[in-house]
Amino acid sequence: MSTRSPARLIVALAVAGVLAVFLLYTAVDGHSTPTLTPSQVAAHRGSLAIVGVVVGPVRGEAHSAEGLRFGLKNISGRSAVVPVVYRGASPPPLFKTGRSVVVSGSYSAGRLAANDILTKCPSKYTAKPSTS
Amino acid sequence: MAELGRAALVVSLGLSLYGLVAGAAAAVQNRRRLATSARNALFTAFASTLIAAAVLAVALVRHDFSFSYVASHTNRTLPTAYALSAFWGGQEGSLLLWLLVLTGYGAFAVAVNRRLLRDLVAWVVPVLSGIATFFAFMLVAVASPFDTQTAPVDGAGLTPSLQNPYMVAHPPMLYLGYVGLSIPFAFAAGAMLSGRTDERWIVATRRWTLVAWTFLGFGQLLGAHWAYMEVGWGGYYAWDPVENAALMPWLAATAFLHSVMVQERKGMLKVWNMVLVALAFELSVFGTFLTRSGVVNSIHSFAKSPIGAWFLAFVVISSLFSVALILWRLPLLKARTKLESALSREALFLYNNLLLVALSLTILWGVMFPILTELFKGESRTIGRPYYDFFLRSFGLPLLLLMGIGPLIAWRKASARQLVRTLLWPIGTAVVAGALLVAAGAGSSTPGLIAYTFSAFVLATIVVEVVRGTRATGSLAKLVSRNRRRYGGYIVHAAIVLLAIGIAGSSAYGSSREQRLVPGQSMRLAGYTLTYRRIVHPYNPNAYETRAVLDVTGRWQGAVMSGDNQYRNPPEPSREVGIKTDWLRGEDLYVIADDINPTTGVVYVKVLVKPLVNLIWVAGLVFLLGSAVALWPDAREQRRLVVRLAPVRA
Amino acid sequence: MSGLSLVLGVGLAVGAVVLVALPFLREPVARDDRLDAPTADESLRLGLSEERDRALAALKELEFDHRTGKVGDEDYRELLGPLRREAAAALRAIDRQPRYREGMSFEMPEIAPEPAPPPDEGTPPEPAIVPEPSPPPDEATPPVEPHIPEPFPQE
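In this text the structure is predicted, and so the values were computed from the model without any measurement. (Residues numbered from 1 in each chain as written. Chains lettered and ligands numbered in written order. Predicted model: local features only at pLDDT ≥ 70, side-chain atom pairs only at ≥ 80, totals over all residues. Heavy atoms only, no water.)

### Considerations on the overall build of chain A
Operational definition: Helix numbering and strand numbering both begin at the N terminus, where a helix is a DSSP run of H or I of at least 4 residues and a strand a DSSP run of E of at least 2. For each residue, the accessible area found with a 1.4 Å probe, counting protein chains only, is set against the maximum for its type, and the residue is called buried under 20%, exposed over 50%, and partly exposed in between. Note on areas: these come from Shrake-Rupley sampling with a 1.4 Å probe, and a residue is covered only by the protein chains present in the view.
Helices and strands together make up the secondary structure of chain A, namely one helix and six strands. Listing every helix and strand of chain A by position from the N terminus yields α-β-β-β-β-β-β. The 132 residues of chain A split such that 47% are buried. Surface summary for chain A: the accessible area is close to 6,500 Å², and the carbon and sulfur share equals 59%.

Written as structure tokens, this is what we have:
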């Protein structure tokens with residue numbers, strides 16, 4: 001009583017459709033950001049994120065014109081320190097020197113102009129993102 | 001006492017290994033006593049894991065800091081309830097919880113089914129034991145909760161933001177969900193291994209799947225609620241890899257819940273269901289791998305740990321096992337009937353499944369992207385929020401629509417004309433609702449408007465179903481009581497609709513503003529005027545509290561406070577937001593006071609207005625209700641199944 | 001504490017071994033050590049009873065869907081015949097099984113010609129005698145058709 005089952009056709013079309021939407025979307029590359037360590041950052045420019053350990057001294061205020069200034073170095077292994085100027089909402093409460101963070105912003109001329117800080121809590125369960 | 005804990009875990013490992021080997025041998029060689037012995041091993045593994053868990057629990061409550069685990073996760077001033085919750089606060093303890101739930105569920109599932117499904121259970125035992133062997137091995141050899149040290153005077157304490165009833169309930173609930181997915185997987189594998197072609201495994205595991213799925217879903221909502229209130233960035237879901245780790249298996253399990261209905265009724269989608277249940281299981285283990293291994297940058301991750309490699313190996317091996325099993329039994333899994341029409345309930349279930357799995361896989365891609373780019377390009381790239389939002393909308397909105405059409409469409413083959421006739425009222429309701437919404441200003445966001453209109457449509461279809469069913473049966477109580485799974489399902493659908501409305505409202509129609517304020521200064525947002533008055537320090541025995549007080553006028557009259565806490569033990573700060581809920585409108589006024597300067601009194605305030613966000617939490621309760629109705633045991637059906645399954649010889 | 005741990009630990013290990021060995025201790029020599037797997041006969045019967053339940057449930061659901069308007073009159077008439085044939089075939093196949101004995105009495109009970117209550121997941125499937133809004137379907141119902149027996153005892 002059943003003619004050729006449309007099931008295969010449906011699945012094939014569906015897979016094709018999803019693939020198409022997906023490729024279309026990720027082809028628009030602007031939605032992924034490089035997430036680099038401080039040692040990898042030198043060759044890059046523009047919008048990116050750096051994963052590293054906060055290096056003091058931490059100076060300034062996030063809300064002021066000069067921003068919050070600190071440095072980032074590799075979590076493991078040696079690396080140069082990348083200077084960061086962060087402007088925006090106060091960094092998350094757990095932000096301090098020695099903590100691992102992910103800082104996003106725009107990198108040029110050897111400096112990161114940051115607008116977002118995400119802290120990681122290595123041995124406990126969770127930490128807090130900045131208000132973003 | 002730590003030695004007892006360690007010994008108990010070694011015993012669990014030995015028993016699980018025995019259950020795996022002896023159970024498999026018994027099933028292959030058809031040996032009854034050996035099969036019973038393997039089954040006993042599984043039961044006893046639960047008992048010995050329970051002993052290990054008791055040892056840890058007692059150590060936590062007694063603040064026995066000779067246990068390294070107790071010392072690193074609690075301190076003397078911690079109240080007992082939170083000391084106990086530290087059980088699952090760290091790597092080793094949470095692994096122990098996993099093993100406990102696994103052996104507990106396993107023992108229960110096997111015990112309940114051991115008479116009626118002897119041949120099936122003979123294979124379920126080695127599969128479950130195999131999974132238990134892995135976790136027991138991790139606990140014995142890689143991450144033991146029973147490491148000892150010279151006891152320090154006091155422990156390190158628990159992060160203050162975890163000292164919260166939500167965080168006490170959230171992990172165990174998630175585990176009851178994650179681990180629960182092992183049961184249908186084990187029974188499915190058992191069915192394939194035993195070479196049977198009947199659907200007993202589905203009937204036997206129906207409740208298990210539903211319970212696991214409910215815990216996983218509700219556990220996620222608890223986590224979202226906690227994040228909203230405690231973490232305080234103004235949102236409830238950040239598409240963080242660890243959040244996604246729970247969402248992916250949940251979506252796969254949702255698909256599975258639906259497609260088994262098709263297999264039960266039509267004998268179709270057998271291979272698909274096997275793939276789905278394996279996918280749900282693998283995603284749940286993979287999810288816990290992501291959480292623990294530190295392989296992806298996440299605010300939740302435990303430290304980068306060698307445990308990751310082991311978990312990855314387990315996921316790879318168990319996936320290969322599942323694939324091999326399905327391929328081997330492919331001839332047995334031939335469908336009884338075929339899909340006859342692209343417009344039928346079977347087809348709609350298929351579309352629903354495709355959308356759910358597609359969403360799950362796109363999330364998986366997003367989570368894996370940083371790892372894959374690191375591997376193949378040398379540098380890692382992270383995918384941001386817009387990607388996830390895009391696909392949530394692209395797949396979620398059609399899913400919403402299907403939720404409305406599905407229950408009202410006929411099986412096998414529906415005529416388009418009949419369908420439109422049945423859907424006339426709901427379509428009309430949706431159109432009217434849409435027009436009213438546009439008039440009320442909802443046109444500002446197209447996806448939001450679509451979500452609202454679809455939601456109206458689905459709610460109307462549920463009403464139509466209930467009204468027509470009541471008319472045909474005579475009474476609503478009788479209708480629901482006789483069709484518990486179906487109407488429980490409709491209640492769950494209503495919960496999802498509420499969730500969709502809440503998400504749409506708070507994201508598409510929300511607003512926010514940031515401003516620097518001095519005392520006396522005001523800011524305005526969406527009908528609220530907030531005036532910053534002063535700084536106060538409410539009393540708290542455990543912390544130094546700083547709060548900025550703001551008077552609110554306009555849509556709401558009153559005062560709201562926000563600021564931070566400086567905890568003393570352990571010395572850690574936390575952000576404290578002020579949330580004012582307007583239950584009548586379901587909207588929240590969310591205030592984050594930042595950078596409070598005690599000398600100048602300057603504060604930076606971010607205010608968010610989140611319309612309808614509280615529907616999300618209401619949805620959680622409705623979700624529980626729906627599941628409860630669907631799970632409600634039905635004596636008549638139970639009897640029927642027993643009669644069907646009872647062996648002929650006495 | 002260590003002494004107590006030792007005793008408890010040993011006790012645990014011993015207990016575990018005993019429980020695991022229990023089946024062999026109870027029956028050192030077993031007459032029949034075969035696993036109670038369903039025989040081919042039983043497997044067949046199980047499959048057939050699943051099919052029968054499926055067919056009868058589908059019939060009930062069709063009738064209910066028709067009553068609540070999901071299935072139109074035309075579609076209803078079109079779908080009813082084949083479903084009834086399937087149900088009858090499933091029932092006949094079960095009857096042919098030897099030693100079929102699901103607690104069913106050996107006389108075929110008379111079917112009460114009343115509208116079947118709407119399908120529910122709880123009651124055993126009942127004969128699909130439904131009030132026809134229009135003349136009975138054309139497709140020849142099998143001669144044995146109307147006497148679809150009650151497969152399960154009513155409680």
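### Re the pairing of strand S3 (residues 68-73) of chain A
Residues and elements named next belong to chain A. Selection criterion: Paired strands, in this sense, are two strands between which DSSP finds at least two bridges.
Relative to S3, strand S2 (residues 46-60) is paired through five bridges, and the arrangement is antiparallel. Among the inter-strand pairings, Arg59 is bridged to a residue of S3, identified as Arg69. Pairing geometry for S3 and strand S4 (residues 82-86), over five bridges, is antiparallel. By the bridge assignment for S4, Leu68 is matched with Tyr86.

### A word on helix H5 (residues 91-113) of chain B
This is how it is decided: Between the first and last residue of a helix there are one fewer steps than residues, each counted as 1.5 Å, and that sum is the expected span.
Here H5 of chain B spans 33 Å end to end across 23 residues, near enough to the 33 Å set by a 1.5 Å rise per residue. By the criterion of burial, H5 of chain B is predominantly enclosed, with 19 of the 23 residues buried.

### Structural notes on the packing of helix H17 (residues 446-473) of chain B against helix H19 (residues 484-508) of chain B
Residue and element names in this part refer to chain B. We count it as follows: Axis lines are fitted through C-alpha atoms, for helices just across the contact stretch, and the angle between N-to-C directions can take any value from 0 to 180 degrees. Any angle between 65 and 115 degrees counts as roughly perpendicular, while under 35 counts as roughly parallel, over 145 as roughly antiparallel, and the rest as oblique. Crossing chirality is assigned from the near helix's rotation relative to the far helix, an anticlockwise turn below a right angle marking it left-handed and a clockwise turn marking it right-handed. Note on definitions: a residue-residue contact is assigned when non-hydrogen atoms from the two residues lie within 4.5 Å. In the scheme used here, Gly and all other residues not listed as nonpolar or charged are polar, with Ala, Val, Leu, Ile, Met, Phe, Trp, Tyr, Cys and Pro taken as nonpolar and Asp, Glu, Lys and Arg as charged.
One way to put it is that H17 packs onto H19 with a least axis distance of 9 Å and a crossing angle of 160°. By the angle between their directions, the pair H17 and H19 is classed as roughly antiparallel. Where H17 crosses over H19, the handedness of that crossing is left-handed. Contacts between H17 and H19 involve Gly448, Ala451, Tyr452, Ser455, Val458, Leu459, Ile462, Glu465, Val466 and Gly469 from the first element and Arg486, Tyr487, Tyr490, His493, Ala494, Val497, Ala500, Ile501, Ala504, Gly505 and Ala508 from the second. Class assignment of the residues belonging to the contact of H17 with H19 gives a composition of 14 nonpolar, five polar and two charged.

### Here we look at the sheet that holds strand S5 (residues 543-554) of chain B
All names here are of chain B. Spatially, the five strands line up as an open sheet ordered S3-S4-S5-S6-S7, and their pairing is antiparallel. At either margin of the open sheet sits one strand with a lone partner, and together these are strand S3 (522-525) and strand S7 (573-576). Strand after strand, the sheet turns through a mean of 25° between neighbouring axes, direction not considered.

### Observations regarding the interface of chain B and chain C
Defined as follows: Buried area: the accessible surface (1.4 Å probe) lost by two parts on joining, summed over both. In the sections that follow, a salt bridge refers to a side-chain nitrogen of Lys or Arg positioned within 4 Å of a carboxyl oxygen of Asp or Glu.
Contact residues are listed per partner, giving 69 residues for chain B and 63 residues for chain C. Summed over both partners, the interface of chain B with chain C comes to about 5,800 Å²; 52% of that surface belongs to carbon and sulfur atoms. Scanning the region where chain B abuts chain C turns up six salt bridges. No other element matches helix H2 (residues 32-61) of chain B, which puts 11 residues into the side of chain B that touches chain C. Across the side of chain B that touches chain C, the residue classes break down as 25 nonpolar, 14 polar and 30 charged.

### Structural notes on a positive patch on the surface
The criterion, for reference: Exposure above 30% relative accessible area and no salt bridge define the residues that can form patches, which grow by joining like charges within 9 Å and nonpolar side chains of Val, Leu, Ile, Met, Phe, Trp and Tyr within 5 Å. The sign given to each residue is positive for Lys and Arg and negative for Asp and Glu; His and the chain ends receive no count. All charge positions are set by atom: Lys at NZ, Arg at CZ, Asp at CG, Glu at CD.
A surface patch of like charges, here positive, comprises Arg59, Arg69, Arg87 and Arg111 of chain A. Counting through the fold element by element, Arg87 of chain A comes out in the loop between S4 and strand S5 (100-108).

### Brief notes about the pairing of strand S9 (residues 587-594) of chain B
All names here are of chain B. Burial runs high along S9: eight of the eight residues are buried. Burial of S9 is two-sided: the residues Glu587, Leu589, Val591 and Ala593 facing one way and the residues Asp588, Tyr590, Ile592 and Asp594 facing the other way are all buried. Summarising the sheet, strand S8 (residues 578-582) and S9 pair through five bridges and their orientation is antiparallel. By the bridge assignment for S9, Ile579 is matched with Tyr590. If you look at the hairpin formed by S8 and S9, you'll find four residues sitting between the two strands, and Gly586 has a positive phi there, around 70°. One ladder, built from seven bridges, connects S9 with strand S10 (residues 603-610); its direction is antiparallel. Across the sheet, residue Val591 finds its bridge partner in S10, namely Val607.

### Examining the layout of surface pockets
Heads up, the rule is: Definitions used throughout: a 1 Å grid over protein atoms alone; a cavity as a set of points that fits a 1.4 Å probe which cannot get out; a pocket as an open set with protein on both sides within 12 Å along at least five of seven lines; a lining residue as one with an atom within 4 Å of a point. Grid points are joined across faces, edges and corners, and a volume is the space filled by probe spheres set on the points.
Quantified by volume, the second largest pocket comes out at close to 1,100 Å³. Around the second largest pocket, the lining is made up of 33 residues, and of these Ala7 and Val11 of chain A together with Leu269, Trp272 and Leu350 of chain B lie nearest the centre. Of the residues that constitute the lining of the second largest pocket, the class distribution is 26 nonpolar, three polar and four charged.

### Some words on the environment of Ala58 of chain C
Topologically, Ala58 of chain C is positioned in helix H2 (residues 40-67). Between the C-alpha atoms of Ala58 of chain C and Leu22 of chain C, which are 36 residues apart in sequence, the distance is 47 Å.

### Comments concerning the side chain of Glu587 of chain B
Residue and element names in this part refer to chain B. Inspection of the secondary structure puts Glu587 in strand S9. Judged by relative accessible area, which is 5%, Glu587 ranks as buried. Look past the residues within four positions of Glu587 in its chain and what remains in contact with it is Tyr528, Arg555, Lys580, Thr581, Asp582, Val609, Lys610, Pro611, Leu612 and Asn614.

### Here we look at a nonpolar patch on the surface
All names here are of chain C. Residues Leu6, Val10, Val14, Val18 and Leu25 make up a contiguous nonpolar surface patch of about 470 Å² in total accessible area. The topology assignment puts Val18 in helix H1 (residues 2-26). The partly exposed category is assigned to Val18, whose relative accessible area is 40%.

### Description of the sheet that holds strand S2 (residues 511-517) of chain B
All names here are of chain B. Strands sit in the order S2-S10-S9-S8 across an open sheet of four strands; the sheet is antiparallel. Only two strands of the sheet have a single neighbouring strand rather than two, namely S2 and S8. Recorded for the sheet is a direction-independent mean angle of 15° between the axes of neighbouring strands.

### As for the confidence of the model for chain A
The test is simple: Per-residue confidence from the prediction method is given by pLDDT, with values spanning 0 to 100.
Model confidence for chain A is summarised by a mean pLDDT of 80, while 84% of its residues fall at 70 or above. Overall, residues 122-132 of chain A carries pLDDT values under 50, and its contacts beyond four positions in sequence, including any with other chains, amount to 60 contacts.

### Points about the environment of Phe286 of chain B
Residues and elements named next belong to chain B. For Phe286, the position within the fold is in helix H11 (residues 270-293). Residue classification places Phe286 among the buried residues on the basis of a relative accessible area of 10%. In sequence terms Phe286 and Lys580 are 294 residues apart; their C-alpha atoms lie 38 Å from each other. Every residue in contact with Phe286, bar those within four places of it in the chain, is listed here: Val315, Leu364 and Met368.

### Regarding the side chain of Ser129 of chain B
Residue and element names in this part refer to chain B. Put simply, the rule reads: Here a polar contact is recorded for every N or O atom pair within 3.5 Å, except that within protein the pair must consist of a potential hydrogen donor and a potential acceptor, and residues adjacent in sequence are included only if both atoms are side-chain atoms.
Within the secondary structure, Ser129 sits in helix H6 (residues 118-142). Residue classification places Ser129 among the buried residues on the basis of a relative accessible area of 1%. Polar contacts involving the side chain of Ser129 include one to the main-chain carbonyl oxygen of Val125, which spans 2.7 Å. Once you skip the residues sitting within four places of it in the chain, Ser129 turns out to touch Ser16, Gly19, Leu20 and Leu42.

### A look at the packing of aromatic side chains
The geometry of two aromatic rings is summed up by the distance between their centres and the angle between their planes. Residues and elements named next belong to chain B. What counts here: Working definition: rings of Phe, Tyr and Trp (its six-membered ring) pair if their centres are within 6.5 Å, and the pair is stacked with planes under 30 degrees apart, edge-to-face with planes over 60 apart, and tilted otherwise.
The tally for this structure, following the rule as stated, stands at 34 aromatic pairs over all chains. Taking 5.0 Å as the distance between ring centres and 55° as the angle between the ring planes, the aromatic pair formed by Trp213 and Phe623 counts as tilted. Of the two residues, Trp213 is situated in helix H9 (residues 200-231) and Phe623 in helix H20 (residues 614-631); the sequence distance between them amounts to 410 residues. Judged by relative accessible area, Phe623 falls into the buried class, the value being 5%. Between the aromatic rings of Tyr387 and Phe391, the centroid separation amounts to 5.1 Å while the plane-to-plane angle is 65°, which identifies the pairing as edge-to-face.

### Quick word on the confidence of the model for chain C
Residue and element names in this part refer to chain C. Confidence along chain C averages 67 in pLDDT terms, with 62% of residues attaining 70 or more. Ranking the helices and strands of chain C by mean pLDDT puts H1 first, with 90, and H2 last, with 83. Ignoring residues within four places in sequence, the model shows residues 103-119, a span with pLDDT below 50, making 34 contacts including any to other chains. Low pLDDT, under 50, characterises residues 121-155; the predicted model gives this stretch 93 contacts beyond four residues in sequence or across chains. This complex was scored by the predictor with a pTM of 0.89 and an ipTM of 0.84.

### Observations concerning helix H12 (residues 307-328) of chain B
A turn of α-helix holds 3.6 residues, and therefore any two residues three or four places apart point the same way. Residues and elements named next belong to chain B. Threshold: As used here, the arc belongs to the directions running from the helix axis to the C-beta atoms.
Taking 1.5 Å per residue, 22 residues should reach 32 Å; H12 reaches 32 Å between its end C-alpha atoms and fits that length. Within H12, the full set of buried residues consists of Ile307, Gly308, Phe311, Phe314, Val315, Ser318, Ser322, Leu325 and Ile326. When H12 is viewed along its axis, its buried side chains cluster within an angular range of 130° and face the same direction. Seen from the open side of H12, the exposed residues pointing more than 90 degrees away from its buried face are Ala309, Ile317, Leu320 and Leu327. Among the structural elements, H5, H6, helix H8 (182-194) and H11 are those in contact with the buried residues of H12.

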